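Structural overview for review
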Amino acid sequence: MDAQPTKLRIEPLLWLLFSAGGVVAAFLIPIHLFVLGIATPLGWTKTTEYASVTAFLAFPVVRLYLFVLCSVPLFHAAAIAFATTLYDGLQINNLNEVIAVACYGGAVIGTLIAGYFLWNFV
């Protein structure tokens, strides 16, 4: 009996990015919105100057954190846009591959842009 070669599938990686994006979108983004959008303008936190913020971005761990904060939710949004809106909602079944490439390709492009700006900042 000949052994069948295993086929490399990308679907588990996409599910991993989808679930990680959901966690980041649910827990980390609201914290940033509260601190930067509500607490700082109302004077509940100390206002920082531009120079101190850019110095903080010099740390690689901060850049990695911001990269994850910016890029992983894009894959979550791509999966939601593909599965829920376009595939299930509009019933566009004959364009599955095109829609998947457009949705996930947009997430990859957004990730590359976020990586470029964060790693070339300082």
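It should be noted that the structure appears before, not after, this text.
Report on the accompanying structure. Remember, it's a predicted structure, so these values are computed and weren't measured experimentally. (Residues numbered from 1 in each chain as written. Predicted model: local features only at pLDDT ≥ 70, side-chain atom pairs only at ≥ 80, totals over all residues. Heavy atoms only, no water.)

A surface patch of nonpolar side chains, about 720 Å² in accessible area, is lined by Ile31, Phe34, Val35, Leu36, Ile38, Leu42 and Trp44. In this fold, Phe34 is placed in helix α1 (residues 11-39). Residue classification places Phe34 among the partly exposed residues on the basis of a relative accessible area of 39%. (Patch = residues over 30% accessible without salt bridge, like charges linked within 9 Å, V, L, I, M, F, W, Y side chains within 5 Å. Areas by Shrake-Rupley, 256 points an atom, 1.4 Å probe, with all protein chains shown as cover. Salt bridge = Lys/Arg side-chain N within 4 Å of Asp/Glu carboxyl O. Helix = DSSP H or I, 4+ residues; strand = E, 2+ residues; numbered from the N terminus. Buried < 20%, exposed > 50% of the residue type's maximum accessible area, 1.4 Å probe, protein only.)

If you walk through the whole model with that rule in mind, you get five aromatic pairs. Relative to Phe59, the ring of Phe56 has its centre 6.3 Å away and its plane inclined at 70°; by these criteria the two rings are edge-to-face. What makes Phe59 partly exposed here is its relative accessible area of 49%. (Phe/Tyr/Trp six-rings, centres within 6.5 Å; stacked < 30°, edge-to-face > 60°.)

This part covers the state of the cysteines. All chains considered together, the criterion is met by zero disulfides. Cysteine Cys70 remains unbridged, with the sulfur of Cys103 as its closest cysteine sulfur at 20 Å. A residue is classified by how much of its surface remains accessible, and Cys70, at 42% relative accessible area, is partly exposed. Its relative accessible area of 15% is what places Cys103 among the buried residues. (Disulfide = S-S within 2.5 Å.)

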